[in-house]
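Breakdown of the fold
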Amino acid sequence: MKRILSLITAAMLITLTACGVQTQNPAASTPPPDTSPVTQPSDLIQLPEQKEESPQAEHILIAYFSLWENASWGEYTDANTSASVVVDNLGAVGTNAYVAQMIQSKVGGDLHAIIAAEPYPADFDQVRDINHQENSRAISSTVENMEQYDTVFIGYPVWATTLPQAVRTFLTEYDFSGKTVIPFCTHDGYGAGRSFSTVAELAAGANTLEGLAIHAPEVTESKDDIKQWLGALDLDTERGQGETAIRITVGDTQLDGVLYDSDMARQFIAQLPQTISMSNYGDREVYGGIDQEITVEGEGQLRFEDGDITYCPSNNTAAIFYSQSDRPDLTMRIYPIGKVTSDLSIFPDLPSRVDITFEIME
């Protein structure tokens, strides 16, 4: 199981545009993933308050704890990190953050990283011992308005059959009465242990649904398991509630699409109508710069599904992905904000540059 994670930093030196490798725009290079310990308030991942004009639909929060974001790694990236991090193309992300992003891609909602006030050590043997010895661990990340969420996913690694203490703190700091709570976890081969029942006990007053346990080394292969699990829950996995219908005009062709019920999508909606000069790149996407930058939430992702409408903060671009092509992995992190619901067959034959208009459908 042991392996060494290396060459990540060296690989970051590649010059990029769009969300893939290219040489036309040297300014659009991928920043290296932030693996520094999170200890200062300015580093915390916090959810902005929901805007008053947002659709009144079921609101979903996907909260997760990842050791990758909660330890002082420094130079320490040997085999002990293997259960805590997924190396995806040129990036690294915590295993539970990776699962949280896949859940978000299916049901929407907001991501929230649970950050301990004091970082854990990088040596997992020490982490396990500390988790046994302490009764609680303070957290420094906060959810600004928990009341707006009806459904809360809780993700974490299983440590010696139970929860990290920081997750226990999260569950006791908020009132989950009347909410739907759904646990998910990663483990090293021993399953969820007693963690699901502990979540149900700590989230007092909540309706706790069936959880999902994923073997950590198999996280990147768990997409179908996650889809099947979500499908068995009483949730709207097609992301229909609260979506905003849009019209996408390409020349004389009009396509239908939706923008999700998320803060990032609402920031894009506020810029519409907007005509974007977009480049047809890599037989997989059209992308172009938008009028205003969008404040992002979470870590983004290095993968896409056909039809995804995404935002890339590295170069302030919106994109429509239309084909996995022979380069399905990205080199700059993207954030799905919507979906094209019409047929995508028009896109492969578009010229290298084309004006595309996005507008709200009345």
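Everything that follows concerns the structure shown earlier in this document.
The model shown is predicted, which means the values in this text are computed figures rather than measured ones. (Residues numbered from 1 in each chain as written. Predicted model: local features only at pLDDT ≥ 70, side-chain atom pairs only at ≥ 80, totals over all residues. Heavy atoms only, no water.)

On to the overall build of the chain, then. Within the chain, the secondary structure is distributed over seven helices and 18 strands. Split into buried and exposed, the 362 residues of the chain put 55% on the buried side. Taking contacts inside the chain between residues at least 6 apart in sequence as the whole, the part at least 24 apart equals 76%. On the chain, roughly 15900 Å² of surface is accessible, and the fraction owed to carbon and sulfur atoms is 45%. (Helix = DSSP H or I, 4+ residues; strand = E, 2+ residues; numbered from the N terminus. Buried < 20%, exposed > 50% of the residue type's maximum accessible area, 1.4 Å probe, protein only. Contact = heavy atoms within 4.5 Å. Areas by Shrake-Rupley, 256 points an atom, 1.4 Å probe, with all protein chains shown as cover.)

Residue Pro 273 is bonded to the preceding Leu 272 through a cis peptide linkage, with omega at 5 degrees. With respect to the helices and strands, Pro 273 occurs in the loop between helix 7 (263–269) and strand 13 (274–281). Here the phi dihedral of Thr 161 falls at roughly 75 degrees; this positive angle occurs in a residue that is not glycine. Here Thr 161 lies in the loop between strand 7 (151–157) and helix 4 (165–173). One non-glycine residue, Asp 283, adopts positive backbone phi at about 55 degrees. If you trace the backbone, Asp 283 turns up in the loop between strand 13 and strand 14 (285–289).

Before going further, it helps to spend a moment on the sheet that holds strand 12 (residues 253–259). Two pairing modes exist for strands in a sheet, parallel and antiparallel, and in both the strands are linked by backbone hydrogen bonds. Within the closed barrel, the eight strands sit side by side as 11-12-17-15-16-14-13-18. Their pairing is antiparallel. Direction aside, the axes of adjacent strands within the sheet are offset by 30 degrees on average. Direction of pairing for strand 13 relative to strand 14: antiparallel, over a ladder of three bridges. By the bridge assignment for strand 14, Ser 279 is matched with Tyr 287. (Pairing = 2+ DSSP bridges. Axes fitted to C-alpha atoms, helices over the stretch in contact; angles between N-to-C directions.)

Between helix 2 (residues 95–107) and helix 6 (residues 223–232), the least distance of the axes is 10 Å, while the angle of their chain directions is 50 degrees. In terms of orientation, helix 2 lies oblique with respect to helix 6. Every pair of crossing elements has a handedness; the one defined by helix 2 and helix 6 is right-handed. Taking contact as the criterion, the partners of Val 99, Met 102, Ile 103, Lys 106 and Val 107 in helix 2 are, on helix 6, Lys 223, Ile 226, Lys 227, Trp 229 and Leu 230. For the contact of helix 2 with helix 6, a count of residues per class yields seven nonpolar, no polar and three charged. (Parallel < 35°, antiparallel > 145°, perpendicular 65-115°, else oblique. Left-handed = near helix turned anticlockwise from the far one by under 90°. Nonpolar A, V, L, I, M, F, W, Y, C, P; charged D, E, K, R; others polar.)

The subject of this paragraph is the pairing of strand 18 (residues 353–360). Pairing between strand 11 (residues 244–250) and strand 18: five bridges, direction antiparallel. Across the sheet, Val 250 pairs through a bridge with Ile 356, a residue of strand 18. Relative to strand 18, strand 13 runs antiparallel, the two sharing six bridges. Its bridge partner being in strand 18, Gln 274 is matched across the sheet by Phe 358.

This part is about the packing of aromatic side chains. Enumeration according to the criterion identifies ten aromatic pairs in this entry. Relative to Tyr 174, the ring of Phe 170 lies with its centre 5.2 Å away and its plane at 55 degrees, an arrangement referred to as tilted. As far as the burial class goes, Phe 170 and Tyr 174 line up, both buried. Three or more aromatic residues joined by ring pairs form one cluster here, namely Phe 65, Tyr 120 and Trp 159. Here the guanidinium or amino end of Arg 303 rests over the ring plane of Tyr 98, the centre of that ring lying 4.4 Å away. (Phe/Tyr/Trp six-rings, centres within 6.5 Å; stacked < 30°, edge-to-face > 60°. Lys NZ or Arg CZ within 6 Å of the ring centre and 35° of its normal.)

With that settled, the discussion passes to the packing of helix 4 against helix 5 (residues 195–202). At a closest axis distance of 9 Å, the pairing of helix 4 and helix 5 adopts a crossing angle of 30 degrees. Between helix 4 and helix 5, the crossing angle belongs to the class labelled roughly parallel. Across the interface between the two elements, Arg 168, Leu 171 and Thr 172 from helix 4 touch Thr 198, Val 199 and Leu 202 from helix 5.

For helix 4, the complete set of buried residues consists of Gln 165, Ala 166, Val 167, Thr 169, Phe 170 and Leu 171. Contacts made by the buried residues of helix 4 are with strand 3 (60–64), strand 6 (110–113), helix 3 (124–133), strand 7 and helix 5.

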